[in-house]
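# An overview of the molecular structure
Here is how the chains run, residue by residue.
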Amino acid sequence: MAALQAPPFHATLGDIAAHLNAALGAELIGDPALRITRIAPLETATSSSISFLSNPRYQAQLQGSQAACVIVDPAQRDLAQARGAVLIADDPYLCFARLTQWWAQHTRVPAPAGIHPRAIIAPSAQVAASASIGALVVIEDGAVIAEDAVIGAHSFIGAGASVGRATRLAARVTLHADCHIGANSLVHSGAVIGADGFGFAPTQGRFEKIEQLGGVRIGNQVEIGANTCIDRGALEDTVIEDGAKLDNLIQIAHNVRIGAHAAMAGCVGVAGSTHIGAGCTIGGAAMILGHLDLAPGVHISAASVVSRSLSEPGQYTGFFPIDHNPQWEKNAVIVRNLTALRERVRLLEKTTKE
Amino acid sequence: MAALQAPPFHATLGDIAAHLNAALGAELIGDPALRITRIAPLETATSSSISFLSNPRYQAQLQGSQAACVIVDPAQRDLAQARGAVLIADDPYLCFARLTQWWAQHTRVPAPAGIHPRAIIAPSAQVAASASIGALVVIEDGAVIAEDAVIGAHSFIGAGASVGRATRLAARVTLHADCHIGANSLVHSGAVIGADGFGFAPTQGRFEKIEQLGGVRIGNQVEIGANTCIDRGALEDTVIEDGAKLDNLIQIAHNVRIGAHAAMAGCVGVAGSTHIGAGCTIGGAAMILGHLDLAPGVHISAASVVSRSLSEPGQYTGFFPIDHNPQWEKNAVIVRNLTALRERVRLLEKTTKE
Amino acid sequence: MAALQAPPFHATLGDIAAHLNAALGAELIGDPALRITRIAPLETATSSSISFLSNPRYQAQLQGSQAACVIVDPAQRDLAQARGAVLIADDPYLCFARLTQWWAQHTRVPAPAGIHPRAIIAPSAQVAASASIGALVVIEDGAVIAEDAVIGAHSFIGAGASVGRATRLAARVTLHADCHIGANSLVHSGAVIGADGFGFAPTQGRFEKIEQLGGVRIGNQVEIGANTCIDRGALEDTVIEDGAKLDNLIQIAHNVRIGAHAAMAGCVGVAGSTHIGAGCTIGGAAMILGHLDLAPGVHISAASVVSRSLSEPGQYTGFFPIDHNPQWEKNAVIVRNLTALRERVRLLEKTTKE
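Just so you know, these numbers come straight off a predicted model, no measurement behind them.

The subject of this paragraph is the overall build of chain A. Secondary structure assignment for chain A yields six helices and 40 strands. What you see for chain A is a C-alpha radius of gyration of 26 Å, clearly larger than the 20 Å of a compact globule of 354 residues, by over 25%. In terms of principal-axis extent, the alpha carbons of chain A reach across some 85 × 65 × 35 Å. The 354 residues of chain A split such that 59% are buried. Look at the contacts in chain A between residues 6 or more apart in sequence, and 21% of them connect residues 24 or more apart. A total of about 12,800 Å² of accessible surface is found on chain A, and carbon and sulfur atoms cover 52% of it. The distance from the centre of the 25 positive side-chain charges to the centre of the 30 negative ones in chain A is 7 Å.

Following this line, the structure appears as structure tokens:
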């Protein structure tokens, strides 16, 4: 949404340490005057990079890294210090996240407040003065755009929809009529919020449309990925609670409820009226059937199919293990004939008992 | 695509009953003057809501519902009447569908006829006077938009494409050159109709493009979901027949034919040149390989992989059952070694016979 | 992106033969004056169509075809010649591909050079004079569009992004800031290149965003399908190498590397930091987990889940075989209890040995 500034940004290690110390109590051991031009992984870091080690498994990379400074936890202090400057913090990965945020704040050009002269805003829409409305945005009757919101170029905001404070829509987002998104959220390009849920009454060999009269309600601090779809409810609203994070190309059907701080990787599908508890995580390309309940703290592995409600927290998995194709073919034939194999075992048990 | 009117719409129960009686022979028992402000599920209905019971399993909800009136079938008449007003009809779910349509007609602002001043229409395109062309729509040479069609904001209609009578494209639909959609259809935001099919001739370790010279032909009363893709044919057209309903994020490859009144839930993929019979239903995230034939009346469960033609109607399923991760891991290992397990059974059979 | 010319294009068989002879050494046996109006499959070819036979399995179709001329390999010469004109070439399928390209060149109206008056181009963007910029395109600060590039209507090019020579973006493509695509590539509608990768640091039951500071680098001769998403890297770039072909609705997560001349069918997901070797092929709806390496020449069947690195070339498969639903239900129960079945076999083995 914004370009890197020229000339390239740099910071001193002291500036970085001051920020991470204030936020997370990180302690610097090293020269605060060191010039940092980049955050980098351990393997590709150069003598002007800052890097981090969050998983002790990568200790070997730490020792071989060219990084000017590495963020580590107290247990890695000695090892890290042996090779140069070090920032000690209890949660190096969280420090890394905060550092990327700080870096982005210093390197990205903020979207300018105001309405692009070639946006098209209905007279009855309300747009806060501090909001940024991009080129060719269309905002329809009665929509409300709050303070500091950013609406990317080519986005469409339907009638009566609303976008909360400091929420950002990337270029080309669709937020349909009477759909609402809270504050400090982020929606990526191509996302479609509020298309009709898939509802039909079958009659005489054809389908009669059930008009979708509900909307979509999305909370605060939510992130929604590129080309993800969240359908409007049939009668009630589809709901995404605060802090939920959805990756790209996800399908959320009508009347689904995604609990607070749940996370879903790309290509997930959630069928109609399913409720996903707070803090659940759903691996990529998992498919969750309709009218189910997933308890808080359920974790679904990638590519698994959830075909029943899961009331107990824990990790669940279900996909066919991959193999060399000829071996898979043999195994697949046996799987298709497992009842026969089980019958053979039963017969053997009978014979042996006799 | 349109906002709810202010002040909120309401109807009398008599108005609703008159409409459903004329359309479907529904019979009202109760006060026609009752004021109805909402269609609601049984659980959340209030004293000004109308609700419905289509599945006898939910009888308990019926008895506990606050709804002003409930639509039920004749078998539920006594139970429903015991709690208040009732509409008796042979197919309550169909009544519900028609009621949502009636409600939508009374609450949605229709798209205005005419061309938005900031749409861009090629001089050789033909747009009917009663059609509605939204803001920033681009319509290229020779395209034809029929009477009462609605083209949502930001949509793109390629050269020589056509949109039939009363068909509606939501905001941000792409209909590429020489692709055609019939009457009374509905296409949701982000759908891409007529991108190139995926065709390449492999040669010397690289791929040579096969230009896709066919188009897409879509019938009447078809619905196409958000961000769904329907590729143009290689030489012939890709075809979606009348009454087919496609949900969101579906991939229809080149030269596929989807039969009349077939339905597909979200995230389905159909590979090239496959033909799906009339009235088939395909569950969410099912994958149908290429060059296959599915007979009319085949029903594929969600997340199943169709790897061969299916000539017999019926329900087909194929996905790995989900389980607690440690149990899945154990089972997956055995699945990968089923040939060994079968061999052990064979040996036992041999030993036992001796 | 362009309309078929009126009146319909035709060519003489001699023109076609000359082109395929020069390019691929095809030899014509037949009347060069024959008028060809269409490239068609064998089954639907008419007396003015040219067709091809690339797979000897379809010999029966060859004999029944009405085609004016058929492209065949030397082994089919006699059979083909018995029915009419014939073009003999070593690789008829490659000839077919080249013929579709030639046909497209003669039938599609090329995009006009220059900037549409209603495109919006930042003053600091550089657009080559021979490039074609469509209606309502937005190009931001410092972006570079090379010679002969075509940017379709409604496309968005972020700040500092670049599009190489003769690369074409269809209508409604999003190329975000600091993302780069090489020469002679093709991106289809709805594709989103450079949305944020999905990265969060979990802390105290919620997720802290990791700003995605990398970009996307796409090579030459790459094709990217409709509504496909390629996320920007966290620190380094996500990379798609030369000649890779990606179908529709594919998700490429951050820091993935797709090797040269790899191909992926629709609905594939590739999770973060996975590297896919040169020349790999990935079947539709396959899911590849994160932080894996696939060696060059690995081929993954459709709908398979890759959960470990694959260092050996070959074909790999893993999906549950489809069956009639009642049979699948029985088999699924046994699969969930395979440890029990194996235990029964173990007991039998013990009993039998005793």
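Text resumes after the structure shown.
Here we come to the nonpolar core. Core analysis: the largest hydrophobic core is formed by 94 residues, its most contacted members being I157, I252, M264, L294 and I300 of chain A. In this view, L294 of chain A contacts H275, I276, G277, C280, I282, I288, I300, V306 and L310 of chain A; residues no more than four positions away in its chain are not counted.

Let us now look at the confidence of the model for chain A. All names here are of chain A. Confidence in the prediction for chain A averages 95 pLDDT; 98% of positions are at 70 or higher. Contacts from residues 1–5, a stretch scored under 50 in pLDDT, to residues over four places away or in other chains number 22 contacts. Of the two predicted TM-score estimates for the complex, the pTM is 0.97 and the ipTM is 0.96.

Each partner contributes residues to the interface: chain C has 73 residues there, and chain B has 75 residues. Regarding the contact of chain C and chain B, the summed buried area is about 6,200 Å², with carbon and sulfur atoms giving 64% of it. When residues of chain C are sorted by the area they lose upon contact with chain B, R172, I322 and R336 of chain C head the list and together hold 11% of the total. In this assembly, chain C and chain B are joined by six salt bridges. A salt bridge links R344 of chain B to E349 of chain C; its shortest N-O distance comes to 2.8 Å. Counting across the chain C and chain B interface gives 31 residue pairs in polar contact (both at pLDDT 80 or more). Here the side of chain C that touches chain B is built from residues that sort into 41 nonpolar, 17 polar and 15 charged. For strand β39 (residues 314–317) of chain B and strand β40 (residues 323–324) of chain C, the ladder comprises two bridges, and the chain directions are antiparallel.

Moving on: the sheet that holds strand β7 (residues 85–88) of chain C. In sheet architecture, strand pairing relies on hydrogen bonds along the backbone and comes in two forms, parallel and antiparallel. Residues and elements named next belong to chain C. Read from one edge to the other, the open sheet built from five strands follows the order β2-β7-β6-β5-β4, with strand pairing classed as mixed. Each edge of the open sheet carries a strand with a single partner, namely β2 (27–29) and β4 (38–39). Of the pairings in the sheet, the one linking β4 to strand β5 (residues 49–52) comprises two bridges and is parallel in character. Bridged to R38 within β5 is S49.

Here we take up the relation of the copies chain C and chain A. You can overlay chain C on chain A at an RMSD of 0.0 Å; the transform is a turn of 120 degrees with a shift of 0.0 Å along its axis. Those values place the two copies in the arrangement expected of a three-fold rotation axis. No C-alpha of chain C approaches the rotation axis more nearly than that of F320 of chain C, which lies at 3.4 Å.

Further remarks concern helix α1 (residues 13–24) of chain C. Because each turn of an α-helix spans 3.6 residues, side chains separated by three or four positions end up pointing in the same direction. Along its twelve residues, α1 of chain C runs 16 Å from first to last C-alpha, staying within 8% of the 16 Å computed at 1.5 Å per residue. Phi turns positive, to about 70 degrees, at G25 of chain C, one or two residues after α1 of chain C.

Residues and elements named next belong to chain B. The five strands lie next to each other as β2-β7-β6-β5-β4, forming an open sheet whose pairing is mixed. The sheet terminates laterally at β2 (27–29) and β4 (38–39), the two strands that pair on one side only. With three bridges connecting them, strand β5 (residues 49–52) and strand β6 (residues 69–72) associate as parallel partners. Residue pairing in the sheet places S51 in a bridge with V70 of β6. Packed on one face of the sheet, helix α1 (residues 13–24) meets β2, β5, β6 and β7 (85–88) and runs near 10 degrees to β7.

With respect to the helices, strands and loops of the structure, V192 of chain B is situated in strand β21 (residues 192–193). Distance from V192 of chain B to R172 of chain B, taken between C-alpha atoms, is 9.3 Å for residues 20 residues apart in sequence. With residues up to four places along the chain from it excluded, the contact list for V192 of chain B reads T174, H176, T228, C229 and I230 of chain B together with S189, A226 and N227 of chain C.

Here we come to the interface of chain C and chain A. With 75 residues of chain C in contact, the opposing surface of chain A contributes 73 residues. Roughly 6,200 Å² of surface becomes buried between chain C and chain A when both sides are summed, with 64% attributable to carbon and sulfur atoms. Taken together, the connections running from chain C to chain A amount to six salt bridges. Notably, a salt bridge pairs E223 of chain A with K209 of chain C, separated by 3.0 Å at the nearest N-O pair. Here chain C is connected to chain A by 31 residue pairs in polar contact (both at pLDDT 80 or more). When contributions to the side of chain C that touches chain A are tallied by element, the ones reaching two or more residues are β22 (200–203), β23 (206–209), β38 (305–306), β39 (314–317), α5 (325–336) and α6 (338–353) of chain C. Tallied by class, the residues present in the side of chain C that touches chain A amount to 37 nonpolar, 21 polar and 17 charged.

This part covers the pairing of strand β5 (residues 49–52) of chain A. Consecutive residues of a regular strand have side chains that alternate between opposite faces of the sheet. On β5 of chain A, burial covers both faces: S49 and S51 of chain A on one face and I50 and F52 of chain A on the other are all buried. The parallel pair β5 of chain A and strand β6 (residues 69–72) of chain A is bridged by helix α2 (residues 59–64) of chain A, and the resulting crossover is right-handed.

Right, let's talk about the pattern of salt bridges for a bit. Considering all chains together, one arrives at 36 salt bridges over all chains under this definition. The shortest N-O distance in the salt bridge between D196 of chain C and K209 of chain C comes to 2.9 Å. In this pair, D196 of chain C sits in the loop between β21 (192–193) and β22 while K209 of chain C sits in strand β23, placing the two residues 13 residues apart along the sequence. In this structure D196 of chain C comes out as buried when scored by relative accessible area, which is 12%. By relative accessible area, K209 of chain C is classed as buried at 12%. Among the ionic contacts, a cluster of salt bridges with common partners joins R98 of chain A together with R206 and E208 of chain C.

About the criteria used
Residues numbered from 1 in each chain as written. Chains lettered and ligands numbered in written order. Predicted model: local features only at pLDDT ≥ 70, side-chain atom pairs only at ≥ 80, totals over all residues. Heavy atoms only, no water. Helix = DSSP H or I, 4+ residues; strand = E, 2+ residues; numbered from the N terminus. Rg over C-alpha atoms; globule rule 2.2 N^0.38 Å. Buried < 20%, exposed > 50% of the residue type's maximum accessible area, 1.4 Å probe, protein only. Contact = heavy atoms within 4.5 Å. Areas by Shrake-Rupley, 256 points an atom, 1.4 Å probe, with all protein chains shown as cover. Lys, Arg positive; Asp, Glu negative; His and termini not counted. Charge placed at Lys NZ, Arg CZ, Asp CG, Glu CD. Core = buried A, V, L, I, M, F, W, Y, C linked by side-chain atoms within 4.5 Å. pLDDT = per-residue confidence, 0-100. Buried area = accessible area lost by both parts, 1.4 Å probe. Salt bridge = Lys/Arg side-chain N within 4 Å of Asp/Glu carboxyl O. Polar contact = N/O pair within 3.5 Å; in protein donor to acceptor, adjacent residues only side chain to side chain. Nonpolar A, V, L, I, M, F, W, Y, C, P; charged D, E, K, R; others polar. Pairing = 2+ DSSP bridges. Least-squares fit on C-alpha atoms with pLDDT ≥ 70 in both. Expected span 1.5 Å × (residues − 1). Axes fitted to C-alpha atoms, helices over the stretch in contact; angles between N-to-C directions. Right-handed = clockwise from strand over helix to strand, strands pointing away.

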